[in-house]
Amino acid sequence: EAGVVQSPRYKIIEKKQPVAFWCNPISGHNTLYWYLQNLGQGPELLIRYENEEAVDDSQLPKDRFSAERLKGVDSTLKIQPAELGDSAVYLCASSLGLAGADTQYFGPGTRLTVL
Amino acid sequence: TQLLEQSPQFLSIQEGENLTVYCNSSSVFSSLQWYRQEPGEGPVLLVTVVTGGEVKKLKRLTFQFGDARKDSSLHITAAQPGDTGLYLCAGLIGNQFYFGTGTSLTVIP
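The structure contained in this document is the topic of the report that follows. (Residues numbered from 1 in each chain as written. Chains lettered and ligands numbered in written order. Predicted model: local features only at pLDDT ≥ 70, side-chain atom pairs only at ≥ 80, totals over all residues. Heavy atoms only, no water.)

A closer look at the overall build of chain B
Move 1: Within chain B one finds zero helices and eleven strands.
Move 2: The linear arrangement of helices and strands in chain B, starting from the amino end, is β-β-β-β-β-β-β-β-β-β-β.
Move 3: Its C-alpha atoms give chain B a radius of gyration of 13 Å, near enough to 13 Å, the size a compact globule of 109 residues would have.
Move 4: Projected onto the principal axes, the alpha-carbon positions of chain B cover approximately 40 × 25 × 20 Å.
Move 5: Out of the 109 residues belonging to chain B, those deemed buried represent 46%.
Move 6: Sequence-distant contacts, at least 24 apart, represent 54% of the contacts inside chain B between residues at least 6 apart.
Move 7: When the accessible area of chain B is evaluated, it comes to approximately 5,000 Å², of which 50% is carbon and sulfur surface.
Move 8: For chain B, the distance from the average position of its 7 positive side-chain charges to the average position of its 9 negative side-chain charges is 8 Å. (Helix = DSSP H or I, 4+ residues; strand = E, 2+ residues; numbered from the N terminus. Rg over C-alpha atoms; globule rule 2.2 N^0.38 Å. Buried < 20%, exposed > 50% of the residue type's maximum accessible area, 1.4 Å probe, protein only. Contact = heavy atoms within 4.5 Å. Areas by Shrake-Rupley, 256 points an atom, 1.4 Å probe, with all protein chains shown as cover. Lys, Arg positive; Asp, Glu negative; His and termini not counted. Charge placed at Lys NZ, Arg CZ, Asp CG, Glu CD.)

Considerations on the state of the cysteines
Move 1: According to the stated counting rule, one finds two disulfides over all chains in the structure shown.
Move 2: Two residues, Cys23(A) and Cys92(A), share a disulfide whose sulfurs are 1.9 Å apart. What sets the handedness of the Cys23(A) and Cys92(A) disulfide is the S-S torsion sign, and at about -70° it is left-handed. Residue Cys23(A) is found in strand S3 (residues 19–24), and its partner Cys92(A) is found in strand S9 (residues 88–95); the two are separated by 69 residues along the sequence.
Move 3: Cys92(A) sits in the buried class, given a relative accessible area of 0%.
Move 4: Two residues share a disulfide in this structure: Cys23(B) and Cys89(B), whose sulfurs sit 2.0 Å from each other. The sign of the 80° torsion about the S-S bond sets the Cys23(B)-Cys89(B) disulfide as right-handed. Residue Cys23(B) is found in strand S3 (residues 19–24), and its partner Cys89(B) is found in strand S9 (residues 85–93); the two are separated by 66 residues along the sequence.
Move 5: Taking the relative accessible area as the measure of exposure, Cys23(B) reaches 0% and is therefore buried.
Move 6: Residue Cys89(B) is classed as buried on the basis of its relative accessible area of 0%. (Disulfide = S-S within 2.5 Å.)

Some points on the sheet that holds strand S7 (residues 61–65) of chain B
Residues and elements named next belong to chain B.
Move 1: Spatial ordering of the open sheet is given by S1-S3-S8-S7-S6, a layout of five strands whose pairing is antiparallel. Looking along the sheet, the strands with just one partner apiece sit at the ends: strand S1 (5–7) and strand S6 (55–58). Strand after strand, the sheet turns through a mean of 15° between neighbouring axes, direction not considered.
Move 2: Bridge analysis of S3 against strand S8 (residues 71–76) gives six bridges, and the strand direction is antiparallel. Bridging from a neighbouring strand, Val21 pairs with Leu74 of S8. (Pairing = 2+ DSSP bridges. Axes fitted to C-alpha atoms, helices over the stretch in contact; angles between N-to-C directions.)

Some points on the packing of aromatic side chains
Move 1: Under the defined criterion, the tally for this structure stands at eight aromatic pairs over all chains.
Move 2: Between Tyr35(A) and Phe99(B) the ring centres are 5.6 Å apart and the planes differ by 85°, which places this aromatic pair in the edge-to-face class. Of the two residues, Tyr35(A) sits in strand S4 (residues 31–37) while Phe99(B) sits in strand S10 (residues 96–99), which places them in two different chains. When sorted by exposure, Tyr35(A) lands in the same class as Phe99(B), which is buried.
Move 3: Between Phe106(A) and Phe99(B), the aromatic rings sit 6.0 Å apart at their centres with planes inclined by 80°, giving edge-to-face as the arrangement. (Phe/Tyr/Trp six-rings, centres within 6.5 Å; stacked < 30°, edge-to-face > 60°.)

Digging into the sheet that holds strand S7 (residues 65–68) of chain A
All names here are of chain A.
Move 1: Taking strand neighbours across the sheet as the criterion, the four strands line up as S1-S3-S8-S7 in an open arrangement whose pairing is antiparallel. Edge positions in the sheet fall to strand S1 (5–7) and S7, since each has one partner strand and no second. Looking at each pair of strands side by side, their axes are set apart by 15° on average, direction ignored.
Move 2: In this sheet, strand S8 (residues 75–79) lies alongside S7 in antiparallel orientation, the contact comprising four bridges. Across the sheet, the residue bridging to Glu68 is Thr76, located in S8.

Interpretation note: all reported values are geometric properties and have no functional meaning in isolation.
Written as structure tokens, this is what we have:
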């Protein structure tokens, strides 16, 4: 069974440019998460989807970050415009149901460098 | 600010040594998980502990959940180079897991 797929794996952009990350969760997984992870630190939740509904986006900086999960399958996270402090790894994860009941499976992440 | 503080932040040991990683918080969690993350990969779940005082063993790894469900520890016996990685604890509140600050372990052959 294929795991969580993310693309691109690496992205280097200049500040003020837009950038987008794509995530395809494990087939049949209803819950999808986007996390931000700084080097050597633990992931921090940005947004959680249950099917196509964003049920927790309280940590998403909405002035520059946006996300969508059309049709409740794959998802896109966008930053516009990017800032130097956005350099980090962006992880996508999925679970069959709710986090407390089902295991989260993580993708390999997209490493973003903002110059 | 992360709810869970891990210590130590960095650990470098020789193959065959034992080690313990701690995960502490002032919050109470419904359950607690431990993950290992290798460079360029996402975290992979090692174990979930649910009951206060619970101890789980996974080969050379022993996980314990504190009686009050606010803290946890991970003990590795006879560490091997393959144990190298970033160890993360994550505590569940509601439907969200809050990750710890991470412990980077290097096992030198």
